[in-house]
Each structure stands twice: as structure tokens, then as C-alpha cells.
Amino acid sequence: MSPCAKNESCRLIDDRGARVRGMSGTVLVTGAAGFIGSHVVRELLERGHAVRATVRNPSNAEFLNQLPGSERLEIVQMDLLDKSTVEDAVKDCEDVIHCAASLYVGVDDAQTQVVDPSIQGTQNLVDAMDAVGCVKRMVHTSSVAAVRRTDFDNGRVFNYEDWCDDASVNSNAYGFAKAGAEMLARGWIASKVEGEKPRYVSINPCVVFGPVMAERHLEGSMTILDHLLKRKYPFLVKMHVNIVDVRDVAKAHVNALTKGPDGGRYIVYNDSLWMPEIAKLLRRKVPDRKWPKIVLPKTLTYVLSVFHPQLSFAWVKKNIGMTCSYDVRPAMDDLGMEWLPVESSIVDGVNSAIDAGWR
């Protein structure tokens, strides 16, 4: 079960209802132009909520205005590292869903491009919440990267009590950033006296697949499928991918505003497939595209890492042929989660990029 005692008073009236018991006013969503953030905005609008969507560059979020219910959507510019814009965004919002984060894809400086935006950005957000004093609930997008240790035994099953406590900027910058940001937020909550604590819940997704709303969503988790779409490499590596659908991730965030106990930590994960299995599925379901078939042995993957800018010897050692999974019973018990078929997550994600003409 989940880390805290159940609170039966926090229940959704209806997952698709117009309002949720105990919620009123505008829900602030940070990082709303991102893959997860945009689906959280869609989920909130579908349930009848007003949404204030924050983005660093409003032009990147214009597609959100095409969502049903966008008359209840306000898009505002906010930079998590600019305290004044953060405080302005938080004003008048009782509910915050903090999705904003940096991706660890093609960065030059992990400290300034990955760690600082996650940790300092979260610090600036909770400082703004203190300054404004109106926030009653915060749902925080963390990651299984904050759960899964950098070094682990093959076949390990992780749960909500686990932490990535062996990461560093050099060895695992993304895990270091996500664990650091979540620990910071939980420490901030713990420092408050009873009666002054906002409700806090973290959602910890694994690799997120599903339909994309913008071409930039093909970065991050979707890079795995995008490489297959673009046939960037004519071969496959034996990588085990833990998958969850972005639509389920969004639902978990919105449910967590009121469902389950305060302080919950929810891993969202559905199933795992090897990369060759993903390619085989796509050959069957999207047959008009060519998909790679050749599986590169681990020894040759080590050789490739010498020349590939995004691979390293250490990454190959830790990821190729290695498996892990996660205990998601708390998310199912407390948040009422049921998972979309993993086949839909992959096929819908690929087809959304093809149908939009991006690939």
C-alpha cells in the first residue's frame, strides 16, 4: 500500500466529471508545452477545470489553444529560474501541477542544463508558493530516475521506498536532478507546521510513450521511437524499455490532486519490452514503414559507444541486457489507475507523428 494512511475523504466524484471535491479556481501547470505537461492540460480541460499553463516560450504552446475547452486556458510566460515570473504565475492558484523539467538529451553542461533547472527551479517554485500563500495542493512530476539507483542488480523490482541515492552530476545527472528536486520538495513540506502544509504528491513515471501534440515532443522519452521512425540506425540494441502511456501519466497527475493520502509517491509503469520486440510490433502494426531488424550484440554495442556521441561504455554496461521493473500497486489502489495497452502507447505515438507529417 502507499506510504501514508488512506484518506477516504479525498475522492474524485467522477474521473470525467466537471469538478472535483475540494478543488476550485484555476490549476497552475508548469512546463505545459512539454510532452507530459500538455497531456495534463488536456486532462484538466476535459474535466472542466480552468488552467493556467506556464511556458518559457509562449510560441511553443500555441497548439494548446486547439484543445477542447481552451476557452478556460490561460497561457503565461514563466522561467523557473526567474523568481519574479514564478511568483506572478502562482498568484491566485490553489492547485499546482509541477511538470516543468529539463531533458537529458544532447546537453553540453549537465549542471546548468539539467540539474539547476530541476533543483533550483523547484526551490523557486516552493519559495513562490510561500510568498503567495494560496496553494493548497501540489502534484510534482518526478521520475523513476529518482527511484532507480544508478547501479542495481539485474531483474531488480523497485518500489516507492527506493531512492536514487548513488547518483552524481557526472555519473547520472538526470537521476541526480530528479531525486534532488523531489527530496527538496518533500523537505520543504516536512519543514512546515501542521495546518500550513499544502498537500504534496509526486508522480514518478518510467519511459513515457503515446500520442504527441507537437514535434518537439519527439524528444525525451519519445526519442526511442523517433530513432526507429527516422531509421537513424539500421540496427537495434538489446535495451529493455519500461513503458507507460502519457495519457495514463496525465490521469495520474490529475487524480493525485485529491485521491490517495497526502505525501503519496506513485510510480506509474505498465509493462516492459525489449527494443527488438518494439520494432517487431511496429513492423506488424505500421507495415508501410521500414523498421530495423538487425540486433546488435552487446560486444558490438561497446564498439559503437566509442564513436556514438550519445553512448558511453558505462551506459552500455548498465543498460544493454539489463532489466528492472516497478511495484505500481499504490498507484492502482490509491489513484484508481488502469493502464492503456502498451501496444497502443507505441502505435499511437508513432502514428501521431506520421499523421502530423513530422515523420
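Cut-offs and rules
- Residues numbered from 1 in each chain as written.
- Predicted model: local features only at pLDDT ≥ 70, side-chain atom pairs only at ≥ 80, totals over all residues.
- Heavy atoms only, no water.
- Pairing = 2+ DSSP bridges.
- Helix = DSSP H or I, 4+ residues; strand = E, 2+ residues; numbered from the N terminus.
- Axes fitted to C-alpha atoms, helices over the stretch in contact; angles between N-to-C directions.
- Buried < 20%, exposed > 50% of the residue type's maximum accessible area, 1.4 Å probe, protein only.
- Right-handed = clockwise from strand over helix to strand, strands pointing away.
- Arc of directions from axis to C-beta.
- Contact = heavy atoms within 4.5 Å.
- pLDDT = per-residue confidence, 0-100.
- Expected span 1.5 Å × (residues − 1).
- Salt bridge = Lys/Arg side-chain N within 4 Å of Asp/Glu carboxyl O.

> Whenever I open this one, the sheet that holds strand 12 (residues 271-274) confuses me. Can you help?
Through backbone hydrogen bonds, the strands of a sheet pair up, either in parallel or in antiparallel fashion. Across the sheet, which stays open at both edges, the 3 strands sit in the order 8-10-12 with mixed pairing between neighbours. Each edge of the sheet is formed by a strand with only one pairing partner; in this case those strands are strand 8 (207-209) and strand 12. Taking each pair of neighbouring strands and ignoring which way they run, the sheet shows an average axis angle of 50°. Across 3 bridges, strand 8 lies against strand 10 (residues 240-245) in parallel orientation.

> Got a minute to help me understand the pairing of strand 2 (residues 50-55) in this structure?
Most of strand 2 sits inside the fold, with 6 of its 6 residues counted as buried. Here strand 2 shows a buried face lined by Ala50, Arg52 and Thr54 and a second buried face lined by Val51, Ala53 and Val55. Two strands pair when backbone bridges link them, and strand 1 (residues 26-30) and strand 2 are joined in this way by 4 bridges, in the parallel orientation. When the bridges of strand 2 are listed, Leu28 appears paired with Arg52. Once the chain exits strand 1 it traverses helix 1 (residues 35-46) before rejoining the sheet at strand 2, and the crossover so formed is right-handed.

> Is there a simple way to explain the environment of Arg247 in this structure?
For Arg247, the position within the fold is in helix 6 (residues 246-256). Judged by relative accessible area, Arg247 falls into the partly exposed class, the value being 21%. Taking the C-alpha atoms as reference, Arg247 lies 8.3 Å from Pro211; in sequence the two are 36 residues apart.

> When you look at helix 2 (residues 83-90) in this model, what are you seeing that I'm missing?
Because each turn of an α-helix spans 3.6 residues, side chains separated by three or four positions in sequence point in the same direction. The complete set of buried residues in helix 2 reads Thr85, Val86, Ala89 and Val90. For helix 2, the arc enclosing every buried residue in end-on projection is 130°, short of the 170-degree limit, so these residues lie on one face. Residues of helix 2 that are buried in the fold lie against strand 1, strand 2, strand 3 (73-77), strand 4 (93-98) and helix 3 (110-132). Among the residues trailing helix 2, Asp92 stands out with phi positive, at a value near 75°.

> Got a minute to help me understand the confidence of the model for the protein chain in this structure?
Close reading of the predicted structure is inappropriate where its pLDDT is low. In the predicted model, the protein chain carries a mean pLDDT of 90, and the fraction of residues at 70 or more is 91%. Within the model, the stretch residues 1-22 combines pLDDT values under 50 with 56 contacts to residues more than four positions away or in other chains.

> How do you make sense of helix 11 (residues 342-355) when you look at a structure like this?
For helix 11, with 14 residues, the first-to-last C-alpha span of 20 Å sits near the 20 Å given by 1.5 Å per residue. For helix 11, the full list of buried residues reads Val342, Ser345, Ile346, Val347, Gly349, Val350, Ser352 and Ala353. Of the surrounding elements, those touching the buried residues of helix 11 are strand 8, helix 5 (223-229), strand 10, helix 6, strand 12 and helix 7 (275-285). In the segment just after helix 11, Gly357 is the residue with positive phi, at about 80°.

> Help me understand the pattern of salt bridges, please; the structure alone is not making it clear to me.
Pairing between side chains becomes possible if they bear opposite charge and their charged atoms approach one another. On inspection of all chains with the given rule, the structure shows 23 salt bridges. Residue Arg52 pairs with Glu74 through a salt bridge whose shortest N-O separation is 3.0 Å. One end of the pair, Arg52, is in strand 2; the other, Glu74, is in strand 3, with 22 residues separating them in the sequence. For Arg52, a relative accessible area of 12% corresponds to the buried category. Note that Glu94 and Lys136 form a salt bridge whose closest N and O atoms lie 3.6 Å from each other.

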